[in-house]
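# Survey of secondary and tertiary structure
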Amino acid sequence: MKDLGYLAQDISILHRKYYKDTRESFKELGLNPTAACVLLTVHEYPQVNQNQVAKSLVIDKGLTTREVNKLQSLDYLVKVAGSGKAQLLTLTKTGEAVVDQVQTIRRSWWQARFDETGIDAQSPLIPAIEAAVASIIDD
């Protein structure tokens, strides 16, 4: 049995390869892979705030701010007043239109990896990774 300590390294390799392989596709949309993740998070959780985005993606607040500013400049999202001082993030029509393309890029990359290895969406690996991620985000 492989030492589970290598699992982090393996996941990191997948993460870096995904970013490397998808960078050009996202660039055509004016994005980088991190901005694409922010966009998808705002799509998945309408009216989320920047702190919630940072926490859900486990990225620092400064990076989140830079990516949100980039997405605003592309007219992909806007900040709207929430309760108190909170500013909520909402996708624009332009942002909503780009989400399908971003999802297709992401889905295609992962489908290719699964096809190469014989892993499918029913693999017990999927819920195990989801549970590990949920335990980190819910901290």
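The text that follows walks through the structure, step by step, so that each part is easy to find. (Residues numbered from 1 in each chain as written. Predicted model: local features only at pLDDT ≥ 70, side-chain atom pairs only at ≥ 80, totals over all residues. Heavy atoms only, no water.)

A separate point is the sheet that holds strand 3 (residues 87-91). Read across the open sheet, the 3 strands follow the order 1-3-2; overall the sheet is antiparallel. Looking at the sheet topology across the chains shown, the edges are occupied by strand 1 (48-49) and strand 2 (77-81). In the sheet, strand 1 pairs with strand 3 via 2 bridges, with the strands oriented antiparallel. Looking at strand 3, one finds that asparagine 49 is bridged to leucine 88. (Pairing = 2+ DSSP bridges. Helix = DSSP H or I, 4+ residues; strand = E, 2+ residues; numbered from the N terminus.)

Okay, a nonpolar patch on the surface next. Together, Leu4, Leu7 and Ile11 make up an exposed nonpolar region whose accessible area comes to about 290 Å². Summarising the element assignment, isoleucine 11 is placed in helix 1 (residues 5-27). (Patch = residues over 30% accessible without salt bridge, like charges linked within 9 Å, V, L, I, M, F, W, Y side chains within 5 Å. Areas by Shrake-Rupley, 256 points an atom, 1.4 Å probe, with all protein chains shown as cover. Salt bridge = Lys/Arg side-chain N within 4 Å of Asp/Glu carboxyl O.)

Quick look at the packing of helix 1 against helix 2 (residues 33-44) now. Following both chains from N to C, one finds helix 1 and helix 2 inclined at 75°, their axes separated by 9 Å at the closest point. Between helix 1 and helix 2, the angle falls in the class roughly perpendicular. On the side of helix 1, the interface is formed by Tyr19, Thr22, Arg23 and Phe26, while helix 2 contributes Pro33, Thr34, Ala36 and Cys37. Of the residues in the contact of helix 1 with helix 2, the class split is 5 nonpolar, 2 polar and 1 charged. (Axes fitted to C-alpha atoms, helices over the stretch in contact; angles between N-to-C directions. Parallel < 35°, antiparallel > 145°, perpendicular 65-115°, else oblique. Contact = heavy atoms within 4.5 Å. Nonpolar A, V, L, I, M, F, W, Y, C, P; charged D, E, K, R; others polar.)

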